[in-house]
Amino acid sequence: MTSCYYGGGNKINTDGQDSISADSLRYVSKHHYGTNYNFIVKADSLVLHSQIRTPVEFLTNDSIPVYHNQRIVVADFNIVPDDVTDSVWVKVARDQYTMGWVHESELLDKVVPDDPISQFISVFSDTHLLIFLIIIGGISAIYVIRMMVRRNAKIVHFNDISTPYPTILTVLVAASAALYASIQTFAPDTWQYFYYNPTLNPFAVPPILSVFLVSVWSMLVVGIATVDEVRKYLPFGEAVLYLFGLLGMCAVNYIVFSVTTLYYIGYVFLVAYISYAFWTYFKNVQKSYICGNCGARLTHKGICPECGAMNE
């Protein structure tokens, strides 16, 4: 049921074209939202004006503020070619008593569509949040990896367990992040369409978005399989530590590939990373010996790196 979700509140119905003007249809096709579309104010406030005005009139005409988390609906729009700031004006209403006009650029900068998927996209597209994630994610990943190396604990890509799911999950995250950045770079209008008309159904969107949604669902399925496999391979304490390290690796992959792909070098990094990830995994599964003392898998006979026992 979740995969087929396609919220109807913000969708534009173009079947009854008798009641929708040609201008409205052109506006919807270009801007991907139209009259009766619902927004939520994400800024501290948004100032509406009682009428469309020139910059001089801003000093004299009444203004109406709407505040954070208040819902507003698009009531009308108007094109003012002579306006040097923004030729597109949008009329929005909080209720029948509170409504006014605002430049489209200012409106879109301070609101988010009234849809949980759009709100999720807005949060993770925020520049300040991305910088914060880069700093915190980098520090956390270095700390966790260092701690796990010191304890000789299991960690993906370095001292991995013999299941492919963790490696597949990290590769999926990296590829999805690169695809996400690629859509924003090469098909921004397609991404804007998805932002204003979101869905989790991969069969209701253009092909490039379908591939992206399939990768998102694949991450969820592989993530569940990974948790189940790690639980079988490791004791509870070590499994929790391993999963935290895996989560940190996925966070780093998302940050690195979603940023570097915007500058095209991410594609080279992605090919190199996928090659390295699977090379380390296949190197790990080639361990054909088992320690007679603790049962750890070994690449060759000799001292077991896990318990120190001699295997001849």
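What counts, and where the lines are drawn
- Residues numbered from 1 in each chain as written.
- Predicted model: local features only at pLDDT ≥ 70, side-chain atom pairs only at ≥ 80, totals over all residues.
- Heavy atoms only, no water.
- Patch = residues over 30% accessible without salt bridge, like charges linked within 9 Å, V, L, I, M, F, W, Y side chains within 5 Å.
- Areas by Shrake-Rupley, 256 points an atom, 1.4 Å probe, with all protein chains shown as cover.
- Salt bridge = Lys/Arg side-chain N within 4 Å of Asp/Glu carboxyl O.
- Helix = DSSP H or I, 4+ residues; strand = E, 2+ residues; numbered from the N terminus.
- Buried < 20%, exposed > 50% of the residue type's maximum accessible area, 1.4 Å probe, protein only.
- pLDDT = per-residue confidence, 0-100.
- Contact = heavy atoms within 4.5 Å.

Enquirer: Is there a simple way to explain a nonpolar patch on the surface in this structure?
Expert: Among the surface-exposed residues, Val256, Leu262, Tyr263, Ile265, Val268 and Phe269 lie close enough to one another that they form a single nonpolar patch of about 560 Å² accessible area. No other element matches the 3 residues that helix H9 (residues 265-285) contributes to the nonpolar patch. Tracing the backbone shows leucine 262 in the loop between helix H8 (236-260) and H9. On the basis of relative accessible area, leucine 262 is assigned to the partly exposed category, the value being 36%.

Enquirer: I tried to follow the pattern of salt bridges on my own but got confused; where do I start?
Expert: For side chains bearing opposite charge, pairing can occur when the charged atoms are close. Evaluation of the coordinates by the stated rule reveals 6 salt bridges. In this structure, glutamate 106 engages lysine 110 in a salt bridge whose closest nitrogen and oxygen atoms are separated by 3.5 Å. Linking glutamate 106 with lysine 110, this pair stays in helix H2 (residues 104-110), spanning 4 residues, or about one helical turn. Take glutamate 106: its relative accessible area is 26%, and that puts it in the partly exposed class. Notably, a salt bridge pairs aspartate 228 with lysine 232, separated by 3.4 Å at the nearest N-O pair. Here the residue aspartate 228 and the residue lysine 232 both occupy positions in helix H7 (residues 207-233), the gap between them amounting to 4 residues, near one helical turn. Note on aspartate 228: relative accessible area 30%, which makes it partly exposed. Overall, the relative accessible area of 55% leaves lysine 232 in the exposed class. Within the structure, one salt-bridge network assembled from shared partners comprises Asp228, Glu229, Arg231 and Lys232.

Enquirer: So what exactly am I meant to see when it comes to the confidence of the model for the protein here?
Expert: Reading fine detail from the predicted coordinates is not recommended where pLDDT is low. Across the protein, the average pLDDT comes to 81, with 79% of residues at or above 70. Low pLDDT, under 50, characterises residues 4-9; the predicted model gives this stretch 13 contacts beyond four residues in sequence or across chains.

Enquirer: I'm lost on unusual backbone geometry in this one. Help?
Expert: Trans is the common state for peptide bonds, and a negative phi is the common state for residues other than glycine. Here the phi dihedral of asparagine 69 falls at roughly 70 degrees; this positive angle occurs in a residue that is not glycine. In this structure asparagine 69 comes out as exposed when scored by relative accessible area, which is 52%. Residues other than glycine seldom take positive phi values, yet tyrosine 264 does so here, at roughly 75 degrees. As for its placement among the helices and strands, tyrosine 264 is situated in the loop between H8 and H9. Judged by relative accessible area, which is 48%, tyrosine 264 ranks as partly exposed.

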